[in-house]
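Examining the three-dimensional arrangement
The chain contents come next:
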Amino acid sequence: QLYDEYSRNGLINEVQIMKVSYKKTVGNGAEREIGKAELRKRAGLSSATFTKLRKNQEVTLGVMLKIAEVMQCNAGDMMDFLPDDKVIPVEEDVE
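To start, this report covers the structure provided alongside it.

Another aspect to go through is the overall build of the protein chain. Looking only at helices and strands, the protein chain has six helices and two strands in total. If you list the helices and strands of the protein chain from N to C, you get α-β-α-α-α-α-α-β. Residue burial in the protein chain is summarised as follows: out of 95 residues, 25% are buried. Put simply, of all contacts in the protein chain between residues at least 6 apart along the chain, 73% involve residues at least 24 apart.

Turning next to the pattern of salt bridges. All told, the structure shown has two salt bridges when counted by the stated rule. Across the salt bridge formed by Lys-24 and Asp-80, the nearest N and O atoms sit 3.1 Å from each other. Of this pair, Lys-24 sits in helix H2 (residues 23-31) while Asp-80 is found in strand S2 (residues 80-89), placing the two residues 56 residues apart along the sequence. Between Arg-42 and Glu-38 there is a salt bridge; the shortest N-O distance is 2.9 Å. In this pair, Arg-42 and Glu-38 are both assigned in helix H3 (residues 36-43), four residues apart and thus about one turn of the helix distant.

Cut-offs applied
Residues numbered from 1 in each chain as written. Predicted model: local features only at pLDDT ≥ 70, side-chain atom pairs only at ≥ 80, totals over all residues. Heavy atoms only, no water. Helix = DSSP H or I, 4+ residues; strand = E, 2+ residues; numbered from the N terminus. Buried < 20%, exposed > 50% of the residue type's maximum accessible area, 1.4 Å probe, protein only. Contact = heavy atoms within 4.5 Å. Salt bridge = Lys/Arg side-chain N within 4 Å of Asp/Glu carboxyl O.

If you want it as structure tokens, here you go:
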């Protein structure tokens, strides 16, 4: 609702799209001496889910919580949100 109000009042004219990077997850595993296969096994993740992580595709919060438990860390230690270089203009309502 707040977004809609801001766009109607001309306060927002574009939206920056963000993407997620899970590169820290693999890096933190190496620091903790947990290999990719071991991390996947301990967290109980399928190979398809782990492939999504490697490709920086969206995974569920539940997946991230399982990894956090194994690695004893929090979300900020595992991922970053980065600009996607996509900007979507907010279209004005035509009445």
